[in-house]
Amino acid sequence: MSNRIVHYLPDHGIPRGLDFGYYHYTAVQPKLDTHRHTDVLELCFCIKGKQQYVINETRFGLRGNDILIVPPNTNHGTGDFPEDKGELFWLQIDLVNKQELLCNLPNDHAEVLLGGLLKASGRIISGALQIKYYLEQLTKELKTSDTVLSKIKINQLILQILLETLRQSTAEQAPNEKNRFLRIDAFIKENIHRPIYIDELASCVQLSTGYFKTWFLKNAGITPKEYINRMKIEFAKSLLMQKSSITAVAFALGFSSSQYFSTTFKKFTGQTPKVFIKAGRR
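In this report, the structure presented in the accompanying data block is examined. Just so it is clear, the structure is predicted and the values come from calculations on it, not from any experiment.

So, how was this worked out
Residues numbered from 1 in each chain as written. Predicted model: local features only at pLDDT ≥ 70, side-chain atom pairs only at ≥ 80, totals over all residues. Heavy atoms only, no water. Helix = DSSP H or I, 4+ residues; strand = E, 2+ residues; numbered from the N terminus. Buried < 20%, exposed > 50% of the residue type's maximum accessible area, 1.4 Å probe, protein only. Core = buried A, V, L, I, M, F, W, Y, C linked by side-chain atoms within 4.5 Å. Contact = heavy atoms within 4.5 Å. Expected span 1.5 Å × (residues − 1). Patch = residues over 30% accessible without salt bridge, like charges linked within 9 Å, V, L, I, M, F, W, Y side chains within 5 Å. Areas by Shrake-Rupley, 256 points an atom, 1.4 Å probe, with all protein chains shown as cover. Salt bridge = Lys/Arg side-chain N within 4 Å of Asp/Glu carboxyl O. Pairing = 2+ DSSP bridges. Phe/Tyr/Trp six-rings, centres within 6.5 Å; stacked < 30°, edge-to-face > 60°. Axes fitted to C-alpha atoms, helices over the stretch in contact; angles between N-to-C directions. Parallel < 35°, antiparallel > 145°, perpendicular 65-115°, else oblique. Left-handed = near helix turned anticlockwise from the far one by under 90°. Nonpolar A, V, L, I, M, F, W, Y, C, P; charged D, E, K, R; others polar.

## Some thoughts on unusual backbone geometry
One non-glycine residue with positive phi stands out, namely asparagine 56, at about 50°. Along the chain, the position of asparagine 56 falls in the loop between β3 (40-55) and β4 (58-63). Note on asparagine 56: relative accessible area 43%, which makes it partly exposed. You will see that cysteine 103, though not glycine, has its phi angle at about 55°, which is positive. Inspection of the secondary structure puts cysteine 103 in the loop between β7 (86-94) and α1 (107-119).

Right, here's the structure in full:
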């Protein structure tokens, strides 16, 4: 079951706010077409799963706990990738309408806040899980935004989200986690031709298997097994375009059968290998 909600904030009496949205997909969805928002800053909070975004031809791979700030007036979408399984919030702020007050802040205060967020745009920031509580509370308050008290809470929550995002953007991003994922990615790539076991990944980052599973789910938003399969499917795309047979690709990547490979491929791309090959040849 998939869930997607979008609120247009001016309809709730919130000036300078535009769309606030949320999705929780349990299956991949069609790709997000390339588009742009004029003079609008968009903040994306990936809570769970993995999502690919392309901003002006630069690709960003978001994992659970990642934040991506999309600069205004830039082309962005998911490129050739579908909207993936997972949980993600987004918030859009109008940068030019200074006749209205952002979260009841004086304009000079708002400009300092938005200026800091603009400087942090176009890169991945860790810290979405720390902001998740405010995002969930904002979702709840928007259901009852017809009261003055609720509007006060909504403005306060948006301000908390913006401030915490700015704080996370200037905080030292945990290098240990990044280094661990670099080692994990390298190990998977080196051994992508065979089955890869969780205890092997735990060993390569010097963690016990039990702790590794907990750590991985917290920082990636998905299980190690799902992460391994995602990487294998990305590699499979290039192999399939080389006119290799589906069965040959399945065994080349360590899948136990072509049927299991096809099921996994469709899970992460939304289409079967056969449909993918036909679309590529067209």
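Past the structure itself, the notes keep going.
## With respect to the nonpolar core
By size, the foremost hydrophobic cluster in this structure holds 34 residues, and its most contacted members are Phe45, Ile158 and Leu162. Residues contacting isoleucine 158, with those up to four places away along its chain left out, are Leu9, Ile14, Leu91, Ile93, Cys103 and Leu138. Membership of the second largest hydrophobic core comes to 17 residues, among which are Ile196, Ala202, Val205 and Leu207.

## A short note on helix α2 (residues 128-141)
Taking 1.5 Å per residue as the helical rise, α2 with its 14 residues ought to reach 20 Å, and the 20 Å between its terminal C-alpha atoms agrees with that figure. Ala128, Ile131, Leu135, Leu138, Thr139 and Glu141 are the residues of α2 that are buried. Against the buried residues of α2 lie β2 (17-25), β3, β5 (66-70), β7, β8 (124-126) and α3 (148-170).

## Notes on the environment of cysteine 204
By secondary structure assignment, the location of cysteine 204 is in helix α5 (residues 198-204). C-alpha separation for the pair cysteine 204 and alanine 186, spaced 18 residues apart in sequence, amounts to 10.0 Å. Every residue in contact with cysteine 204, bar those within four places of it in the chain, is listed here: Arg183, Ile184 and Phe187.

## What to know about a nonpolar patch on the surface
Taken together, the side chains of Val148, Leu149 and Ile152 define a hydrophobic patch exposed on the protein surface, amounting to about 320 Å² of accessible area. Along the chain, the position of leucine 149 falls in helix α3. Given a relative accessible area of 54%, leucine 149 falls into the exposed group.

## Digging into the pattern of salt bridges
Evaluated as defined, the whole model comprises eleven salt bridges. Close ionic contact of glutamate 111 with lysine 98 constitutes a salt bridge, the shortest N to O distance being 3.8 Å. Of the two residues, glutamate 111 sits in helix α1 while lysine 98 sits in the loop between β7 and α1, which places them 13 residues apart along the sequence. Among the residues examined, glutamate 111 registers a relative accessible area of 30% and is labelled partly exposed. Looking at lysine 98, the relative accessible area reads 44%, which means it is partly exposed. Counted as one network, the salt bridges with shared partners bring together Asp84, Lys85, Glu226 and Arg230.

## Focus on the pairing of β2
Within β2, seven of the nine residues are buried, which leaves it mostly tucked inside the rest of the structure. Two strands pair when backbone bridges link them, and β2 and β7 are joined in this way by seven bridges, in the antiparallel orientation. From the neighbouring strand, phenylalanine 20 faces β7, where its bridge partner is leucine 91.

## Here's the deal with the pairing of β3
Here β3 lies mainly inside the structure; 14 of its 16 residues are buried. As paired elements, β3 and β7 share nine bridges and run antiparallel to each other. The residue of β7 that forms the bridge with leucine 41 is isoleucine 93. With five bridges connecting them, β3 and β5 associate as antiparallel partners. Each residue of the ladder has a partner; that of glutamate 42, found in β5, is valine 70.

## Let's talk about the packing of aromatic side chains
Under the counting rule described, the total for this entry stands at 16 aromatic pairs. Aromatic pair phenylalanine 181 and tyrosine 227: ring centres 6.1 Å apart, planes at 50°, arrangement tilted. Residue phenylalanine 181 is found in helix α4 (residues 175-190), and its partner tyrosine 227 is found in helix α7 (residues 224-241); the two are separated by 46 residues along the sequence. When its relative accessible area of 6% is taken as the criterion, phenylalanine 181 is described as buried. With a centroid separation of 5.3 Å and an interplanar angle of 65°, the aromatic rings of phenylalanine 255 and phenylalanine 261 are classed as edge-to-face.

## As for the packing of α2 against α3
Two elements in contact, α2 and α3, have axes separated by 9 Å at closest approach and are oriented at 160°. By the angle class used here, α2 and α3 are roughly antiparallel. For α2 against α3, the interelement crossing comes out left-handed. For the pair α2 and α3, the contacting residues are Gln130, Ile131, Tyr134, Leu135, Gln137, Leu138 and Glu141 in the first and Ser150, Lys153, Ile154, Leu157, Ile158, Gln160, Ile161, Glu164, Thr165 and Gln168 in the second. When the residues that make up the contact of α2 with α3 are grouped by side-chain class, the tally is eight nonpolar, six polar and three charged.

The analysis is restricted to geometry; functional conclusions fall outside its scope.
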